[in-house]
Amino acid sequence: MSGTPHAASETIAPLDDPAGTLLALDFDGTLAHIVDDPARAYVHPESIAALGRLGTILGGITIITGRPVAQALELGGFEGLRGLERLTIHGQYGAEHWDAASTQALSAQRPTEISTLAERLPGILQQLGAGAARIEDKGLALAVHTRGLDAELIGHLERPLRQVADDFGLRLEPGRQVIELRSGTVDKGTALRQVVADLQARTVVFAGDDLGDLPAFDAVDALRADGVRGVLVCSASAEQDALVSRSDLVLQGPDAVAEWLTGWADALGV
Ligand SMILES: [Mg+2]
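The rules behind each value
Residues numbered from 1 in each chain as written. Predicted model: local features only at pLDDT ≥ 70, side-chain atom pairs only at ≥ 80, totals over all residues. Heavy atoms only, no water. Helix = DSSP H or I, 4+ residues; strand = E, 2+ residues; numbered from the N terminus. Rg over C-alpha atoms; globule rule 2.2 N^0.38 Å. Buried < 20%, exposed > 50% of the residue type's maximum accessible area, 1.4 Å probe, protein only. Areas by Shrake-Rupley, 256 points an atom, 1.4 Å probe, with all protein chains shown as cover. Salt bridge = Lys/Arg side-chain N within 4 Å of Asp/Glu carboxyl O. Domains from an automatic or database assignment. Contact = heavy atoms within 4.5 Å. Buried area = accessible area lost by both parts, 1.4 Å probe. Polar contact = N/O pair within 3.5 Å; in protein donor to acceptor, adjacent residues only side chain to side chain. Nonpolar A, V, L, I, M, F, W, Y, C, P; charged D, E, K, R; others polar. Core = buried A, V, L, I, M, F, W, Y, C linked by side-chain atoms within 4.5 Å. Pairing = 2+ DSSP bridges. Axes fitted to C-alpha atoms, helices over the stretch in contact; angles between N-to-C directions. Parallel < 35°, antiparallel > 145°, perpendicular 65-115°, else oblique. Left-handed = near helix turned anticlockwise from the far one by under 90°. Expected span 1.5 Å × (residues − 1). Arc of directions from axis to C-beta.

1. Considerations on the overall build of the protein chain
In terms of helices and strands, the protein chain carries eight helices and twelve strands. For the protein chain, whose C-alpha radius of gyration is 19 Å, the value lies close to the compact-globule estimate of 18 Å for 270 residues. When the backbone C-alpha atoms are referred to their principal axes, the protein chain occupies close to 55 × 40 × 35 Å. Per-residue burial over the protein chain gives 52% buried out of 270 residues. Carbon and sulfur atoms make up 50% of the accessible area of the protein chain, which totals about 12,100 Å².

Written out as structure tokens, the structure reads:
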């Protein structure tokens, strides 16, 4: 999608075969701005409007997020929206699933390791000098929100928390302003591959902003080798540039993502 000159519409997103195209999106940092209080994040209104338009023509739209499904639904306002009758959401990196058609949510069982660690984590953070970090219990993960902490301290947290994750048989998921400890047989890559297989998508467009999206980028690369057309989109930020060099399209954050989705819907004439 880069290099040689294209017509403007061609550079937006694939326009042929919309029925065979899956659009998969991360939530925070991609559809929604990262905000101080994660409970106050919201999806860019233009993105919601564009998704409602794209949903009438694309083969599928799915949101793959680290958030629990219930949070993504509450903050996203997707439920009952016209055009999103077939939307699916994969929460907690794919451990939870929801689809708009049935409005049923399926979730993995909370592992006992998470319950045990939930009790001990405040003390562990205290010992690490990070007692001020806010802990969010997501059910299948514990998120340590680091916004507002001293940058040097944040830099020193990852290694001991990785050890804690190892001790509890969990995986560490570092992200923008957050370090998560979660149970982990699934990641965004497994979730994405499942949706592509379910829909038998011939084209997959994935947009993300953070390290947790890398497995989905890997999945798209693997799917390309299997003959699926892949388009990788980065919602870029000053906090994370790991996805930039691997992306076909680099957008400057959720505002630019909203503009891109709107342009895609315009180009498809929906
Ligand atoms: Mg994100």
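Once you've had a look at it, read on.
2. Overview of the pattern of salt bridges
In the structure shown here, the tally under the stated rule is 19 salt bridges. Close ionic contact of aspartate 213 with lysine 188 constitutes a salt bridge, the shortest N to O distance being 2.8 Å. One end of the pair, aspartate 213, is in the loop between β10 (203-208) and α7 (214-225); the other, lysine 188, is in helix α6 (residues 188-199), with 25 residues separating them in the sequence. You can call lysine 188 buried: its relative accessible area is 2%. Each of Asp218, Asp221, Arg224, Arg246 and Asp248 takes part in salt bridges that share partners, so that together they form one network.

3. Topic: the domain arrangement of the protein chain
Domain assignment breaks the protein chain into domain 1 (8-108 + 186-268) and domain 2 (112-182). One C-alpha centre belongs to domain 1, the other to domain 2; they are set 27 Å apart. Counting from both sides, the interface comprises 25 residues of domain 1 and, opposite them, 16 residues of domain 2. Together, the buried faces of domain 1 and domain 2 total about 1,500 Å²; carbon and sulfur atoms form 46% of this surface. Applying the counting criterion to the domain 1 and domain 2 interface returns four salt bridges. Glutamate 239 is the partner of arginine 176 in a salt bridge, and the nearest nitrogen-oxygen pair spans 2.7 Å. At the boundary of domain 1 with domain 2, the tally comes to twelve residue pairs in polar contact (both at pLDDT 80 or more). Split into classes, the residues belonging to the side of domain 1 that touches domain 2 amount to nine nonpolar, eight polar and eight charged.

4. Section: the nonpolar core
If you look at the biggest cluster of nonpolar residues, it comprises 38 residues, and the most contacted ones within it are Leu23, Phe78, Trp260, Leu261 and Trp264. Within the residue set of this core, elements represented by two or more residues are β1 (21-25), α2 (45-54), β2 (60-64), α3 (69-76), β10, β11 (229-235), β12 (249-251) and α8 (253-268). If you tally residues by element for this core, the top one is α8, at seven residues. The residues touching phenylalanine 78, leaving out its near neighbours within four places in the chain, are Phe27, Leu31, Val43, Leu51, Ile63, Ala72, Leu73, Leu84, Leu87 and Ile89.

5. Some remarks on the environment of leucine 75
Tracing the sequence through the fold places leucine 75 in helix α3. Residues leucine 75 and phenylalanine 27, spaced 48 residues apart in sequence, show a C-alpha to C-alpha distance of 9.8 Å. Other than its neighbours up to four places away in sequence, leucine 75 contacts Phe27, Pro38, Ala39, Ala41, Tyr42, Val43 and Arg67.

6. Points about the sheet that holds strand β9 (residues 178-182)
Pairing in this open sheet of four strands is antiparallel, and the strands run β6-β7-β9-β8 from one edge to the other. Edge positions in the sheet fall to β6 (134-137) and β8 (171-175), since each has one partner strand and no second. Strand after strand, the sheet turns through a mean of 20° between neighbouring axes, direction not considered. In the packing of helix α5 (residues 151-167) onto the sheet, the strands contacted are β8 and β9, and the crossing angle to β8 comes to about 150°.

7. Details of the packing of α6 against α7
Interaxial distance between α6 and α7 falls to 7 Å at its minimum, and their mutual angle equals 40°. Between α6 and α7, the interaxial angle falls into the category oblique. Crossing geometry of α6 relative to α7 is assigned as right-handed. Here Lys188, Gly189, Leu192, Arg193 and Val196 of α6 lie close against α7, whose contacting residues are Pro215, Ala216, Ala219, Val220, Ala222 and Leu223. The class makeup of the residues in the contact of α6 with α7 is eight nonpolar, one polar and two charged.

8. Here's the deal with α6
An ideal rise of 1.5 Å per residue puts 16 Å on twelve residues; α6 measures up with 17 Å between its terminal C-alpha atoms. When α6 is considered as a whole, its buried residues turn out to be Lys188, Gly189, Ala191, Leu192, Val195 and Val196. On an axial view of α6, the arc spanned by its buried residues comes to 160°, and they lie on one face. Buried positions along α6 lie against β1, β2, β3 (88-91), β10 and α7. The N-terminus of α6 is capped by aspartate 187, whose side-chain oxygen sits 2.9 Å from the backbone nitrogen of glycine 189. Two residues or fewer past α6, glutamine 200 is found with a positive phi of approximately 50°.

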